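# Summary of the model geometry
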Amino acid sequence: MKDRIYIYIILVTATFYSCNKPNRYQKSVDDYLQLDSTVLEVTTVADSLHVPWEMVYHNNKIIFTEIAGKVKQLDLHTGHIKTILEIPDVYQKRTTGLLGLALSKNDATAEPYIFLTYTSKKDSTITSNLVRYQYQTDTLINPKKLLQIKGNTAHNGTRLYVDQHNIIYWATGDAYDFPLAQDSTSLNGKILRLTIDGSIPKDNPIPNSYVYAWGFRNMQGLAIDEQGNIFTSEHGEAIEDEINAIYPLHNYGWPLIEGKHDLPAELELAKHKKLTQPIRSWTPVIAPSGLAFYSSDQIPEWKNSLILATLKSQTLRVLKLSEDRKQITHEHIYFSNRYGRLRAVMVAPNGDIFLSTSNRDWNPQKGFPKASDDKILRLSITNKTNSITLHEDKPDETKKAKGDILYKNYCASCHKEDGLGVKNTFPPLVGSQRIRDSQAFVDVILNGLDGKKPINGILYGTLMPSFSFLKDEELVEIINYVNRQFADGKEIGTDMIKKRR
Ligand code: HEC
């Protein structure tokens, strides 16, 4: 009898323990975030990763891509990470590499398919590949190339999403060949729609074409809500980052038009051509990235919102959607200067949100990467807080700003805050001959450069965008700031800008 009781106690204890023991692994609690009434706990669930670019949830695991070519699996119960695939022919340089990832929603008993997109290079030709694998007991087997499109050293997109009817949506980049986005026969700068076998669905809007919508530059986020509404995030050239609501056969305007149709030339163009405006745009740019739709009751403040990771602004943004899901009604900003660049966002079935950092990519921001980067973070509800509880951040600094803020907003993403640029990619402003010559400097800012002439012996090959959309006073602020900081050139006034416009 005593033994029985003893066993009973053990059983009860064991059951109690297994029910209450968090069946979730965590390395550390990093922060608490106070919303209106909910408190979220931010925990690190994986660290020391290399640019985890996209994540999907499967059976209490996160399957994720790393940009250099690995697919890994994180067990959320034990924290164990396993490499389940290494793709040998991934071409990784700057923004290219192993990028998109999606999972087919087979019935519960069948193993899903995993879809990946990555760039490869043969001789001098870069290709963007969509490949399907079969997921089988922690490995990926039987690769099948579904589609190959033109790639380039930049603007490869790319995000993937498989909807509940097992239709694949592929958000592609313009492959740095802007006119392709408006060319209906090209698959670049498009939302493509495919079956899981890579064929063209019978109900596609253009018969015998993968093309679903067009006029995109470089999409970096793709989300579909439970009603089937599609949303993307996209990088603008130097201004006008965008969130778009995607409809079949709509033309989103790139490269004819950027952002909202608000400048005189844009309004004129939009009169004659049917072009769809973004539902949100940002100037100065924030570099929007991964996007997910939040439908859970777990965090009521965020229900029916788009959750957006951003790179340049290094924040998480929650974009509340209107009832009809056609507009964004509020924007909330979190985690400024906390985790660095955020690349991917994923919502687990229980309402937990996972974010990945991107501090080991080609463009790390000041103070990063930290030794433990890159990380996967989990946001989940808690009833605890502590003295360093975080709150929502203030909205972005307004456009009317002094030289240093204008420089930070418009120039530092490429030329960096210290003016040293990025080797062989963006020229240094420190020591630049051109900025000492006020007239030449004003011309560069007003007209941009085409990247075709070497600067100090280096051929950069990418264009310097025009900033003629800025007001004369703003240009003067930036030019004088750059001169003061990096060159001790002559101060200029608005007369000089007016003369060169
Ligand atoms: C999207 C990236 C990007 C942004 C943003 C950008 N630039 Fe540039 N910039 C470039 C590239 C690329 C070049 C080289 C172009 C070439 O080789 O023709 C360049 C060249 C220049 C040069 C010529 C340097 C020299 O020594 O000849 C100046 C000056 C310059 N940029 C200033 C600015 C200022 C000021 C801003 C902010 C208002 C700015 N740039 C924003 C990418 C950028």
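Everything numeric in this text was worked out from a predicted model, so none of it was measured. (Residues numbered from 1 in each chain as written. Predicted model: local features only at pLDDT ≥ 70, side-chain atom pairs only at ≥ 80, totals over all residues. Heavy atoms only, no water.)

The subject of this paragraph is helix H6 (residues 472–487). Over its 16 residues, H6 extends 21 Å from the first C-alpha to the last, a length consistent with the 22 Å expected when each residue adds 1.5 Å. Residues of H6 that are buried sit in contact with helix H3 (403–410), helix H5 (438–447) and helix H7 (494–500). Phi turns positive one or two residues past the end of H6, at aspartate 488, with a value near 40°. (Helix = DSSP H or I, 4+ residues; strand = E, 2+ residues; numbered from the N terminus. Expected span 1.5 Å × (residues − 1). Contact = heavy atoms within 4.5 Å.)

Let us look at the environment of asparagine 383. In this fold, asparagine 383 is placed in the loop between strand S25 (376–382) and H3. Look at asparagine 383 and you get exposed, because its relative accessible area is 75%. Measuring from C-alpha to C-alpha, the distance between asparagine 383 and valine 39 comes to 6.4 Å, with 344 residues separating the pair along the chain. (Buried < 20%, exposed > 50% of the residue type's maximum accessible area, 1.4 Å probe, protein only.)

We now examine the site of the ligand. Near the ligand you find 25 residues, and of these Cys411, Cys414, His415, Ser432 and Met464 are the closest. The separation between a nitrogen atom of the ligand and a polar side-chain atom of histidine 415 is 2.8 Å. Side-chain polar atom of serine 432 to an oxygen atom of the ligand: 2.7 Å apart, as the coordinates give it. Listing elements by their share of the shell around the ligand, those giving two or more residues are helix H4 (412–415) and H5. Here the shell around the ligand is built from residues that sort into 17 nonpolar, six polar and two charged. (Near = heavy atom within 4 Å. Polar contact = N/O pair within 3.5 Å; in protein donor to acceptor, adjacent residues only side chain to side chain. Nonpolar A, V, L, I, M, F, W, Y, C, P; charged D, E, K, R; others polar.)

This part takes up the environment of serine 296. Of note, serine 296 is situated in the loop between strand S19 (288–294) and strand S20 (305–310). The exposure class of serine 296 is buried, given its relative accessible area of 15%. Through-space distance from the C-alpha of serine 296 to that of leucine 319 is 15 Å; in sequence the pair is 23 residues apart. Setting aside chain neighbours within four positions, we find serine 296 in contact with Lys303, Asn350 and Gly351.

The subject of this paragraph is the packing of H3 against H6. Put simply, H3 and H6 touch, their axes get as near as 8 Å, and they point 95° apart. On the basis of the axis angle, H3 is roughly perpendicular to H6. Residues Gly403, Asp404, Leu406, Tyr407 and Tyr410 of H3 form the contact with H6, whose own contacting residues are Glu474, Glu477, Ile478, Tyr481, Val482 and Phe486. Within the contact of H3 with H6, the residues separate by chemical class into seven nonpolar, one polar and three charged. (Axes fitted to C-alpha atoms, helices over the stretch in contact; angles between N-to-C directions. Parallel < 35°, antiparallel > 145°, perpendicular 65-115°, else oblique.)

Turning next to the packing of H5 against H6. Relative to each other, H5 and H6 sit at 130°, their axes nearing to 11 Å. It follows that H5 is oblique to H6 by the angle criterion. Our pair here, H5 against H6, has a crossing hand that is right-handed. For the pair H5 and H6, contact is made by Phe441, Val442, Ile445 and Leu446 and by Leu475, Ile478, Ile479, Val482 and Asn483, respectively. (Left-handed = near helix turned anticlockwise from the far one by under 90°.)

Attention now goes to the sheet that holds strand S13 (residues 190–195). Spatial strand order, S11-S12-S13-S14: four strands in an open sheet with antiparallel pairing. A strand with exactly one partner marks an edge of an open sheet, and here the two such strands are strand S11 (159–162) and strand S14 (211–214). Each strand axis lies, on average, 15° off the axis of its neighbour in the sheet, ignoring direction. Sheet analysis places S13 next to S14, joined by three bridges and oriented antiparallel. Opposite leucine 192, over in S14, you have valine 211 as the bridge partner. (Pairing = 2+ DSSP bridges.)

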